[in-house]
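Secondary and tertiary structure notes
The residues making up each chain are set out below.
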Amino acid sequence: MLVTHQRAGVPQFAVLGEFIGRGSATARVVGPGADGRQRLYVEYVVYPSAIDLVAYDVDSGDYRVWSLPGGNAWAMEFGADGRLYLGAGEGHLWRLCPRTGALDDLGGAVPGEQMIWALSPGPDGLLYGGTHPSAHLFVCDPASGALSDVGRMSERNQYNHDICAAPDGWVYCGLGCERAEIIAYHPATGARRSLLPEALSCPGFARVYRGEDGGAYVSLSGVHLRLCDGRAVEMPAAMPARSRTRLADGREAREPGTYPGNALGIHAVAAGPDGKIYASSILPEYLLQYDPASGVCANLGLIPGAEAYALLPAHDRLFIASYTGTTLQVYDPARPFNPGRQRIPTPPDAERGNNPANYGPLAAHQDRPFDMVMGADGRIYVGCVAGYGYRDGAIAWYDPATDTTGFALNPLKDQGVMALCPLPDGRLACGTSTLCGGVPPTTTEGQLFLWDPRTRAMASAAIVPMPGMPEITNLALGGDGLLYGSAITELFVVDPRTMQVLSCVSSPQSHIRRQGMLTLEDGRVVALAGPMAIFVSYVDGAWRLEEFARFDDGWPWVGKAVLGDYLYAGSGSKLIRCAIPGL
């Protein structure tokens, strides 16, 4: 039975502001400007919805910006025609004429492909590109703008990640991430060859690059290869890569820093121990701060990482778990902001004295720390999804008593750990996902199990609370002692003492977002469902879903932050909040 209730005149979330900064610079290249003088072109990802292409005069600092749709861009090259080509959102190829400033969408490179990862101009005057998720190679003819699909370069890999169309007439494709792979393609004859010895084919990518001499090279597992005449020849040392940012006078072009950036996408939100709200941007990772007393949104600055998946206030500090590498940083608001610079500090304790203190990766072969909680033992626990080329997730932890970290692989093989919930008896409820590290899943359903930190082993059999759903997105323990969870569009409730599913129900509006369910101090469970914030409860065999706020100008994205009487969330680039009734 389902009982839904919408309060009369339900209030809207209020917009508090946006945070400004430069997005991730995913590609840089030097080329001509409108006046014929050289410019530094930089492609900034403004996730989730835009790309800013910026042309800098590196001497004066003057710049021009072109905005493209999409929010994902990784490839940029000049073609033989002197025009600039960019891979952008939905797998589209764009072309900029530096002389006129005209920017044109040439269309989708390959039907069904979502992303262009690589571009490389060939000696035949054509432009070659690689795609995801089916690792195609495509060709663009700059003379006509026509696009043609060569086909899939690998049956086992999803990424045609790096390409070099070499002077020898071969196109060398570096593929991954099930196993690193190199395919040589000869446009004149259509011949294809697999070049990488099986002994070098490890999980991850074969990062083919253009060397200083213009040829194709790759270094993998300490072995250096020259790719020539459709073969791979071992070399004693790596060939330096050709610079893409060298000016005609020999200088390396540097970004002047005059372009201020754009509104940053918010990827995680938390209430800090100092009475302020903190957030992380996505691509790159800025630590953001909102002061409710002054109403000021401040960008504190970059910290190592691409984006935080989870923020957690605990022990008078803010814990930050980030992609890539499932890294941990710990910020003390009472000390000056002084971030490190290394995603993987060398040596490991090199940036422990920074603020945030940088502990580096928490677990081997992990990338995305989807959830983070404090257990009954005071330790910080992190649910991890595997890194590129791997399938097994992990549960990682930080022990403040000993200032040490550790991890245990997910006991459910080929699944990531997406949601965590601490129970009063010290155990953790763990929700899993079929999501892997850039490789196809081998399982089909998200599962739920209890895990004992003392034995570092499962403390219950695994169950499937929502058959057919690939992930358990959120978990929260209600004041009634029941475990509430979401699986994309579905809600479920479990008795954690018996691990029996009591009931399931569909969300009233679309799916419950990642980081979209929490328990208030009074025991009520809150969820973000589509545009709504709702109270969720299961009483006397009936679900009660009560809407208390909504945001119709884009859905609340992430929101596990309560400060005072307010629930805070991110929605795209906007920080929003609503009053919580009854607090």
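Residues numbered from 1 in each chain as written. Predicted model: local features only at pLDDT ≥ 70, side-chain atom pairs only at ≥ 80, totals over all residues. Heavy atoms only, no water.

A word on the overall build of the protein chain. Secondary structure assignment for the protein chain yields zero helices and 52 strands. Its C-alpha radius of gyration of 25 Å places the protein chain within 12% of the 25 Å reference for a compact globule of 583 residues. Once the C-alpha set of the protein chain is aligned to its principal axes, its extents read approximately 75 × 50 × 45 Å. Buried positions account for 57% of the 583 residues belonging to the protein chain. Here the protein chain has roughly 22,100 Å² of accessible surface; of this, 50% comes from carbon and sulfur atoms. Averaging the locations of the 45 positively and 59 negatively charged side chains of the protein chain gives two centres separated by 3 Å. (Helix = DSSP H or I, 4+ residues; strand = E, 2+ residues; numbered from the N terminus. Rg over C-alpha atoms; globule rule 2.2 N^0.38 Å. Buried < 20%, exposed > 50% of the residue type's maximum accessible area, 1.4 Å probe, protein only. Areas by Shrake-Rupley, 256 points an atom, 1.4 Å probe, with all protein chains shown as cover. Lys, Arg positive; Asp, Glu negative; His and termini not counted. Charge placed at Lys NZ, Arg CZ, Asp CG, Glu CD.)

A few words now on the sheet that holds strand S10 (residues 92–96). Here four strands make up an open sheet; going across it, the order is S8-S9-S10-S11 and the pairing antiparallel. At either margin of the open sheet sits one strand with a lone partner, and together these are strand S8 (75–78) and strand S11 (103–108). Taken pair by pair, the neighbouring strands of this sheet meet at an average axis angle of 20°, ignoring direction. (Pairing = 2+ DSSP bridges. Axes fitted to C-alpha atoms, helices over the stretch in contact; angles between N-to-C directions.)

Core analysis: the biggest nonpolar cluster contains 25 residues, and Tyr41, Leu53, Met76 and Leu84 have the highest contact counts within it. Going through the elements one at a time, strand S4 (24–32), strand S5 (38–46), strand S6 (50–56), strand S7 (63–69), S8, strand S9 (84–87) and S10 are the ones with two or more residues in this core. Among the elements that line this core, the one with the most residues is S6, at three residues. In contact with Leu84, other than residues within four places in its own chain, are Val29, Tyr41, Leu53, Met76, Glu77, Phe78, Trp94, Arg95 and Leu96. (Core = buried A, V, L, I, M, F, W, Y, C linked by side-chain atoms within 4.5 Å. Contact = heavy atoms within 4.5 Å.)

Turning to the side chain of Ser571, a few remarks are in order. Tracing the chain through its elements places Ser571 in strand S51 (residues 566–571). Separated by 2.7 Å, the side chain of Ser571 and the backbone oxygen of Trp555 make a polar contact. (Polar contact = N/O pair within 3.5 Å; in protein donor to acceptor, adjacent residues only side chain to side chain.)

Summed over the entire model, instances satisfying the criterion amount to zero disulfides. The structure places no disulfide on Cys140, whose sulfur is separated from the nearest cysteine sulfur, that of Cys97, by 14 Å. (Disulfide = S-S within 2.5 Å.)

Attention shifts here to the pattern of salt bridges. A complete count under the given rule lists 21 salt bridges for this structure. Of the charged contacts, one joins Arg391 and Glu178 as a salt bridge, the two residues approaching to 3.0 Å between their closest N and O atoms. One end of the pair, Arg391, is in the loop between strand S35 (380–386) and strand S36 (394–399); the other, Glu178, is in the loop between strand S17 (171–177) and strand S18 (181–186), with 213 residues separating them in the sequence. Among the charged side chains, a network of salt bridges with common partners joins Asp35, Arg37, Arg39 and Asp57. (Salt bridge = Lys/Arg side-chain N within 4 Å of Asp/Glu carboxyl O.)

Before going further, it helps to examine the side chain of Asp414. Relative to the helices and strands, Asp414 resides in the loop between strand S37 (404–409) and strand S38 (416–422). Notably, Asp414 is buried but unbridged: the nearest opposite-charge side chain belongs to Lys413, and the N-O separation is 4.0 Å. One polar contact links Asp414 to Thr442, side chain to side chain, over a distance of 2.6 Å. Excluding its chain neighbours within four sequence positions, the residues that come into contact with Asp414 are Arg391, Asp392, Thr434, Cys436, Thr442 and Thr443.

Time to look at the packing of aromatic side chains. Taken as a whole and assessed by the stated rule, the structure comprises 25 aromatic pairs. Centroid distance Tyr381 to Trp451: 6.3 Å. Interplanar angle 75°. Geometry classified as edge-to-face. One end of the pair, Tyr381, is in strand S35; the other, Trp451, is in strand S40 (residues 448–452), with 70 residues separating them in the sequence. Pair check on accessibility: Tyr381 and Trp451 agree, each one buried. Cluster of aromatic residues (ring-pair linked, three or more members): Trp74, Trp117, Tyr159, Phe205 and Tyr388. (Phe/Tyr/Trp six-rings, centres within 6.5 Å; stacked < 30°, edge-to-face > 60°.)

Moving on to the sheet that holds strand S44 (residues 490–495). Spatially, S42-S43-S44-S45 is the arrangement adopted by the four strands of the open sheet, whose pairing is antiparallel. Two strands close off the open sheet at either side, each with one partner strand: strand S42 (474–477) and strand S45 (500–506). Neighbour-to-neighbour, the strand axes of this sheet turn through a mean angle of 20°, independent of strand direction. Two elements, S42 and strand S43 (residues 483–487), share four bridges in a ladder whose sense is antiparallel. What sits directly across from Leu477, in S43, is Leu483.

Bridge analysis of strand S50 (residues 558–563) against S51 gives four bridges, and the strand direction is antiparallel. Within the sheet, the bridge partner assigned to Ala561 lies in S51 and is Tyr568. Turn length for the S50-S51 hairpin, with the two strands adjacent in sequence and antiparallel, is two residues, and the turn residue Gly564 shows positive phi of about 65°.

Keep in mind that these numbers describe shape and distance, not what the molecule does.
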